[in-house]
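For reference, the chains in residue letters:
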Amino acid sequence: MKQDNASSPDRLQPVFGYHEATKHRFEAFARGPGYLDWATQPDPFRRYAGARLIALACIEPADDPRYDAIFTPGLQPAAAPVNLRTISQLFYDSLALSAWKSTGASRWALRVNASSGNLHPTEGYLVCGPVKGLCERPMVCHYAPREHGLEVRAEFDPDLWNRLCAGVPAGTFFLGLSSICWREAWKYGERAYRYCMHDAGHALGALSIAAAGLGWQTRLLDDIGTEGLAALLGTSQVHDAEQEEPDLLLVCMPMARVPPLPALSAAALQACAALAWQGQPNRLSPSHVDWGIEAFAARLRQPRTAGAYETFAMPPRSCSPLPRAVALRRMIRQRRSAVAMDGETRIACETFYRMLDRTLAAPGAVPFSTLPWKSQLHLALLVHRVDDLPRGLYLLVRDPAQLETLQAALTRAEHWRKPPGCPETLPLYCLIEADARNAAREISCQQDIASDGCFAVAMLAGFDAPLERYGPWFYPRLYWEAGVIGQLLYLEAEAAGIRSTGIGCFFDDALHELLGLQDRRFQDLYHFTVGGAVEDKRLTTLPAYTHDRDVVV
Ligand SMILES: Cc1cc2nc3c(=O)[nH]c(=O)nc-3n(C[C@H](O)[C@H](O)[C@H](O)COP(=O)(O)O)c2cc1C
């Protein structure tokens, strides 16, 4: 995609200003409330009162497809037909509740998609034509995770739908995401915008993986512009509840081969704003503190753009071992964050290499095939407990074209050595051999989970160059990429019989210093830890949905 027109040198200042201001530092955390105001705790569930609710089926996981199959060309499942059951499955495997937890009088829901602080700022939408068993007319629906249902926000007249979808292959439908930033800001203050965008990335990854389980392809439609998206999802409708900031639109294609992506007509998108929108959104908190995030998000809205992102070529996957007897949907629905790591569990280096290999955007590789830009994130790895690998700091270069820039920027690297036994095509380098457990803990806001796992990750994004090339609206996309990697790492850990946790609390510049990064060519956007979890036995786990509803086994 070409640069947006606003080419003045200071067009990026709001982004750089926000990014600097929201760094956690040893001396001071980013501006936040400093305590939890329970009286204004946001409702985690948005509902549109008065909108018709269509119940979806709860389809319990079976053995097929295998987890590894969706990542392996030739083993991916055949495309399922689009109907009530498969749409139900798509949401059940991506944005639905996965369990309820309780202790004492407290009870809270967990979801398939991870979220910082379990606050879930991300809302999901379905935009579809007639679907067997679901609807006879094209419609826009808001997904209600507590009910596992679709709230019909608007129906299209056939003429507008045909104008909107001219040239779109039959069976294609759309999935939208929006964010209610207040949900995160309530707890995390100014830094919360970052977490909202991580969470949008987790949801995007979850949708892409769930769709792949049905043999469907998802692609980000990243040229319609935020205004058009707001009109399509109905988030431009004015009300006195918390506003939703539209994030992104995926096109979901029930076919093995991806045709050229549709170009949605700007005029038809704008006409959606005048649909007969149904339902009143609930207010999530009685009052709010304004951390300036909504205004910041508004400055990052994407103009309608033309052209294409720069193309890129990644070599094919380095290893495609035989699929393990691990069921995709069991991994998806059992995914949990570790609240503590045991400080003992080790993994084989083959397991480590397999996980890293999965994070590469090889041609057609789920879930990265959903993103249209070339990989911008690299993984700095603090290896603690991996068999046959010395402890130390490693780097996975997710875009080999960036190797020289990284070598110039990371001035603390002692060497760039491929670890012995590392697959030839895995761009992994050992930079420093050392016990990095203390560093991992300290940098991740003193959290033991970062030092007690098998390895910790810091996701390092190309920063100045892509922002200058594309414009401020690319800032959230860097976090989406981080969130997609995170959602995948969660599943990779489950599939390997261990656990993981996203870490949004870290001291940004401390990591930069460890690497010897002295400028903004790269910035640390997200941390992760992977290891053997210690279970919290104080909590009771309850099913996500009770069996008085339609549970299909
Ligand atoms: C963007 C992001 C940042 C997170 N940061 C932290 C963190 O700093 N420390 C932590 O213990 N957990 C962190 N988590 C884990 C969440 O608390 C966890 O996902 C949430 O409680 C929901 O639980 P679940 O993942 O088991 O569904 C983070 C998760 C995400 C997605």
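As shown above, the structure is provided for reference.
The shown structure was predicted, so the numbers you read here are calculated from the model rather than taken from an experiment.

Undergrad: Could you clarify how one ought to interpret the overall build of the protein in this entry?
TA: Within the protein one finds 15 helices and 20 strands. A compact globule built from 553 residues would reach a C-alpha radius of gyration of about 24 Å, and the protein, at 22 Å, matches this within 12%. Dimensions along the principal axes, computed over C-alpha positions, put the protein at roughly 65 × 55 × 50 Å. Burial status across the protein gives 61% buried among its 553 residues. Put simply, 82% of the contacts in the protein that link residues at least 6 apart link residues at least 24 apart. With an accessible surface of roughly 20,900 Å², the protein has 51% of that area assigned to carbon and sulfur atoms. The averaged location of the 61 negative side-chain charges in the protein is 3 Å from the averaged location of its 55 positive side-chain charges.

Undergrad: Any chance you could explain the side chain of Thr-359 here in plain terms?
TA: The topology assignment puts Thr-359 in the loop between α10 (349–358) and β13 (377–383). By relative accessible area, which is 0% here, Thr-359 ends up buried. In this structure the side chain of Thr-359 is engaged in a polar contact, spanning 2.7 Å, whose partner is the backbone oxygen of Leu-356. Those residues in contact with Thr-359, other than ones at most four positions away along the chain, are Phe-368, Leu-379, Leu-396, Arg-398, Ile-485, Leu-488 and Leu-489.

Undergrad: Help me understand the packing of aromatic side chains, please; the structure alone is not making it clear to me.
TA: Applying the stated criterion to the full structure yields 32 aromatic pairs. Following the ring pairs from residue to residue traces out a cluster consisting of Phe-16, Tyr-18, Tyr-193, Phe-296, Phe-463, Tyr-475 and Tyr-479. In this arrangement the basic side chain of Arg-191 is found over the ring face of Phe-506, its NZ or CZ atom lying 4.7 Å from the centre. Note that Arg-333 overlies the ring of Tyr-92, its terminal NZ or CZ placed 3.7 Å from the centroid.

Undergrad: Would you mind going over helix α1 (residues 13–21) with me for this structure?
TA: Buried residues of α1: Val-15, Phe-16, Tyr-18 and His-19, and no others. Looking down the long axis of α1, one finds its buried residues gathered within 165 degrees of arc, a one-sided arrangement. Buried residues belonging to α1 abut α5 (192–213), α8 (293–299), α13 (464–470), α14 (474–495) and β18 (522–531).

Undergrad: Can you help me understand the state of the cysteines in this one?
TA: The tally for this structure, following the rule as stated, stands at one disulfide. With a sulfur-sulfur separation of 2.2 Å, Cys-445 is cross-linked through a disulfide to Cys-505. The chirality of the disulfide connecting Cys-445 with Cys-505 is left-handed, given an S-S dihedral of about -90 degrees. Of this pair, Cys-445 sits in the loop between α12 (437–443) and β16 (455–462) while Cys-505 is found in the loop between β17 (499–503) and α15 (508–515), placing the two residues 60 residues apart along the sequence. Residue Cys-445 is classed as buried on the basis of its relative accessible area of 13%.

Undergrad: For this particular structure, what's the right way to read the packing of α5 against α14?
TA: Helix-helix packing is described using two parameters, namely the angle between the two axes and the distance between the axes. At their nearest, the axes of α5 and α14 sit 6 Å apart, and the two run at 55 degrees to each other. Considering their axes alone, α5 and α14 lie oblique with respect to each other. Of the two possible hands of crossing, α5 and α14 adopt the one that is right-handed. Here α5 contributes Tyr-193, Arg-194, Met-197, His-198, Ala-200, Gly-201, His-202, Leu-204, Gly-205, Ala-206 and Ile-209 to the contact with α14, which in turn contributes Tyr-475, Pro-476, Tyr-479, Trp-480, Ala-482, Gly-483, Val-484, Gly-486, Gln-487, Leu-488, Tyr-490 and Leu-491.

Undergrad: What is the right way to read the site of the ligand from this model?
TA: Residues in contact with the ligand amount to 22 residues; listed here are only the nearest, Arg-335, Ser-337, Gln-447, Gly-502 and Gly-504. Here Ser-337 contributes a side-chain N or O atom positioned 2.5 Å from an oxygen atom of the ligand. Between a nitrogen atom of the ligand and a main-chain N or O atom of Gly-504, the distance comes to 2.8 Å. Burial of the ligand by the protein amounts to 84% of the accessible area it has alone, namely 610 Å². Broken down by secondary-structure element, the contributors of at least two residues to the shell around the ligand are β5 (106–111), α5 and β17. Its residues assigned to classes, the shell around the ligand comprises seven nonpolar, 11 polar and four charged.

Undergrad: Looking at this structure, how should I read the pairing of strand β14 (residues 392–396)?
TA: One face of the sheet, then the other: side chains in a regular strand alternate in exactly this way. Of all five residues in β14, five are buried; the element is thus mostly enclosed. Of the strand pairs in this sheet, β13 and β14 are connected by five bridges, and their pairing is antiparallel. Directly across from Leu-379, in β14, lies its bridge partner Leu-396. For β14 and strand β15 (residues 428–433), the ladder comprises five bridges, and the chain directions are antiparallel. By the bridge assignment for β15, Gly-392 is matched with Glu-433.

Undergrad: Just checking my understanding: could you explain helix α2 (residues 84–92) for this structure?
TA: Three- or four-residue spacings in an α-helix give side chains the same orientation, since the helix completes a turn every 3.6 residues. The buried count for α2 comes to seven of nine residues, which makes it a mostly enclosed element. Taken together, the buried positions of α2 are occupied by Thr-86, Ile-87, Ser-88, Gln-89, Leu-90, Phe-91 and Tyr-92. By the N-cap criterion, in which a side-chain oxygen at the helix start approaches the backbone nitrogen of a residue two or three places on, α2 is capped by Asn-83, the distance to Arg-85 being 3.1 Å.

Undergrad: What is the right way to look at the nonpolar core in this model?
TA: Nonpolar side chains tend to gather and get buried jointly when the protein is soluble and globular. The biggest cluster of nonpolar side chains holds 125 residues, and the ones touching the most others in it are Leu-134, Phe-352 and Leu-381. Listed in part, the 30 residues of the second largest apolar core include Met-341, Leu-382, Tyr-429 and Ala-456.

Cut-offs and rules
Residues numbered from 1 in each chain as written. Predicted model: local features only at pLDDT ≥ 70, side-chain atom pairs only at ≥ 80, totals over all residues. Heavy atoms only, no water. Helix = DSSP H or I, 4+ residues; strand = E, 2+ residues; numbered from the N terminus. Rg over C-alpha atoms; globule rule 2.2 N^0.38 Å. Buried < 20%, exposed > 50% of the residue type's maximum accessible area, 1.4 Å probe, protein only. Contact = heavy atoms within 4.5 Å. Areas by Shrake-Rupley, 256 points an atom, 1.4 Å probe, with all protein chains shown as cover. Lys, Arg positive; Asp, Glu negative; His and termini not counted. Charge placed at Lys NZ, Arg CZ, Asp CG, Glu CD. Polar contact = N/O pair within 3.5 Å; in protein donor to acceptor, adjacent residues only side chain to side chain. Phe/Tyr/Trp six-rings, centres within 6.5 Å; stacked < 30°, edge-to-face > 60°. Lys NZ or Arg CZ within 6 Å of the ring centre and 35° of its normal. Arc of directions from axis to C-beta. Disulfide = S-S within 2.5 Å. Axes fitted to C-alpha atoms, helices over the stretch in contact; angles between N-to-C directions. Parallel < 35°, antiparallel > 145°, perpendicular 65-115°, else oblique. Left-handed = near helix turned anticlockwise from the far one by under 90°. Near = heavy atom within 4 Å. Nonpolar A, V, L, I, M, F, W, Y, C, P; charged D, E, K, R; others polar. Pairing = 2+ DSSP bridges. Core = buried A, V, L, I, M, F, W, Y, C linked by side-chain atoms within 4.5 Å.

Function-wise, these values are silent; they only describe arrangement.
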